[in-house]
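An overview of the molecular structure
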Amino acid sequence: MRRLCIILAATLTIIAVHGQTHYEGNIAVGGKAGATLSRVRFNPSVPQTMLPGFMAGVAFRYMEEKHFGLIVELNMEQRGWKETFEGYDFHYQRRFTYLQLPVLSHIYFGSDRFRGFFNAGPEIGFMIGKNTKANFDYTRVWELQDFPTANRSIGQFDLPVEHKFDYGISAGVGMELIARNRSSFQLEGRFYYGLNDVFGNHKSDVFSASSSMSIMITLGYYYRIK
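Now for a look at the structure at hand. The model shown is predicted, which means the values in this text are computed figures rather than measured ones. (Residues numbered from 1 in each chain as written. Predicted model: local features only at pLDDT ≥ 70, side-chain atom pairs only at ≥ 80, totals over all residues. Heavy atoms only, no water.)

For Lys226, the position within the fold is in the segment after β9 (209-224). Residue class for Lys226 comes out partly exposed when judged on its relative accessible area of 49%. Between the C-alpha atoms of Lys226 and Arg182, which are 44 residues apart in sequence, the distance is 9.2 Å. Setting aside residues no more than four positions away along its own chain, Lys226 makes contact with Asn26, Ile27 and Arg182. (Helix = DSSP H or I, 4+ residues; strand = E, 2+ residues; numbered from the N terminus. Buried < 20%, exposed > 50% of the residue type's maximum accessible area, 1.4 Å probe, protein only. Contact = heavy atoms within 4.5 Å.)

This paragraph deals with the nonpolar core. If you look at the biggest cluster of nonpolar residues, it comprises 19 residues, and the most contacted ones within it are Trp81, Phe96, Phe136 and Phe199. Residue assignment for this core shows that the elements contributing at least two residues are β1 (26-43) and β5 (92-110). Here this core takes three residues from β5, the largest share from any one element. Residues contacting Phe199, with those up to four places away along its chain left out, are Phe42, Trp81, Arg94, Phe96, Leu159, Pro160, Val161, Glu162, His163 and Ser210. Core analysis: the next-biggest nonpolar cluster, separate from the first, contains five residues, Ala28, Ile71, Leu104 and Tyr222 among them. (Core = buried A, V, L, I, M, F, W, Y, C linked by side-chain atoms within 4.5 Å.)

With that settled, consider the pairing of β5. Of the strand pairs in this sheet, strand β4 (residues 68-83) and β5 are connected by 13 bridges, and their pairing is antiparallel. Counted as the bridge partner of Gly69 is His106 from β5. In the sheet, β5 pairs with strand β6 (residues 114-134) via 17 bridges, with the strands oriented antiparallel. Bridge pairing links Gln100 to Gly125 in β6. Once β5 ends, the chain turns through three residues before running back antiparallel as β6. (Pairing = 2+ DSSP bridges.)

Quick look at the pattern of salt bridges now. Taken as a whole and assessed by the stated rule, the structure comprises ten salt bridges. For Arg140, the salt bridge is made with Glu143, and the minimal N-O distance between the two is 2.3 Å. The exposure class assigned to Arg140 is partly exposed, which follows from its relative accessible area of 38%. Salt bridges sharing common partners tie together Lys32, Glu73, Glu188 and Arg190. (Salt bridge = Lys/Arg side-chain N within 4 Å of Asp/Glu carboxyl O.)

Written as structure tokens, this is what we have:
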């Protein structure tokens with residue numbers, strides 16, 4: 001699955017770059033901001049729900065006349081997970097802040113005033129911050145009389161981050177409204193599938209897998225400079 005995602009993203013990027021050698025395109029710069037919903041794929045599994053967060057960034061876009069383009073972004077994004085304790089009044093969430101660099105193929109269609117588009121490509125990132133919130137002392141869980149430890153991992157509560165570097169695949173769809181003054185406005189939904197683990201994944205570690213995934217809904221603005 002991971003190899004298939006990487007091959008797909010690389011192929012789309014190559015197609016877009018190849019198309020740029022044949023047609024005169026346009027260049028635009030802009031920014032975006034929005035909300036995220038994220039979780040971590042643990043193995044063994046951890047009961048959890050999506051953790052809401054925030055993202056914002058800047059973008060550079062080179063588009064071709066024949067429906068292809070290339071987008072490079074630099075984003076700050078919040079990811080993590082929020083655990084569920086069914087029937088118990090416990091709360092725990094862990095949030096990581098990343099600087100992300102997506103390089104995306106941009107495939108678009110429509111008129112000069114309204115377009116739909118599809119973005120896909122690889123993404124790398126680096127963790128620049130982390131935060132934990134809980135209504136119990138998660139470093140001394142064994143002392144809590146009512147804590148539901150049966151069939152539940154607790155090692156993740158204070159497990160140190162081992163891999164701050166992250167990489168994965170992003171894909172999204174959206175629509176763009178183009179104004180007459182070289183401005184355009186976008187609405188995009190995007191999915192990120194991480195391929196690297198946050199925590200250690202050796203045989204002696206708590207988890208064999210702990211990679212991120214997130215959903216992003218963003219509003220963006222571009223200004224065409226060429």
